[in-house]
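Single-letter residue listing:
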Amino acid sequence: MPDANTIWTLREALTGAKAVESTFRHVDAMPKDAGYLALPGQIIDASIVAAPRQKLTDEEKAALKDGKVPGDWKNKPPVKLTPTSTRGTVGNFVCGP
């Protein structure tokens, strides 16, 4: 997280280049393009979380490498992914603590 001096220095540089409005117009458009409407005073969290690891057998890896579907996968229904907590979610964004 940048400190206040870093933010102030960036703002001064953008002001000197007369680029404040165009820069923040572009930055503000990114969440809107993703379907999120940021309101004044909100913080958008860009946390990085670990993805679940697949545990494939050697036979499954070999079949996938050859472009085939492993034999026992054909009879299994697809896994339905559901969030563990839906409290405060909007689209793909988590709102709140």
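Described below are features of the structure shown in this document. (Residues numbered from 1 in each chain as written. Predicted model: local features only at pLDDT ≥ 70, side-chain atom pairs only at ≥ 80, totals over all residues. Heavy atoms only, no water.)

## Notes on the packing of helix α1 (residues 4-16) against helix α2 (residues 20-33)
Okay, so step 1: It is the contact of α1 with α2, at a shortest axis distance of 8 Å, that shows an interaxial angle of 120°. Here α1 lies oblique to α2, going by the angle between them. Of the residues in α2, those touching α1 at R11, L14 and T15 are V20, T23 and F24.
Okay, so step 2: Partitioned by chemical class, the residues of the contact of α1 with α2 number three nonpolar, two polar and one charged. (Axes fitted to C-alpha atoms, helices over the stretch in contact; angles between N-to-C directions. Helix = DSSP H or I, 4+ residues; strand = E, 2+ residues; numbered from the N terminus. Parallel < 35°, antiparallel > 145°, perpendicular 65-115°, else oblique. Contact = heavy atoms within 4.5 Å. Nonpolar A, V, L, I, M, F, W, Y, C, P; charged D, E, K, R; others polar.)

## Side note on α1
The α-helix advances 3.6 residues per turn, and as a result positions three or four apart in sequence lie on the same side.
Okay, so step 1: Taking 1.5 Å of rise per residue, the 13 residues of α1 would be expected to cover 18 Å, and the 18 Å separating its terminal C-alpha atoms lies within 8% of that figure.
Okay, so step 2: Following α1 by one or two positions, K18 adopts a phi angle in the positive range, close to 55°. (Expected span 1.5 Å × (residues − 1).)

## Side note on unusual backbone geometry
Okay, so step 1: Non-glycine residue K18 carries a positive phi angle of around 55°.
Okay, so step 2: Within the secondary structure, K18 sits in the loop between α1 and α2.

## Side note on the side chain of E60
Okay, so step 1: For E60, the position within the fold is in helix α3 (residues 58-65).
Okay, so step 2: Only 3.0 Å separates the side chain of E60 from the backbone nitrogen of T57, close enough to count as a polar contact.
Okay, so step 3: Setting aside residues up to four positions removed in sequence, E60 forms contacts with K55, P70, D72 and W73. (Polar contact = N/O pair within 3.5 Å; in protein donor to acceptor, adjacent residues only side chain to side chain.)

In short, shape yes, function no, at least from these values alone.
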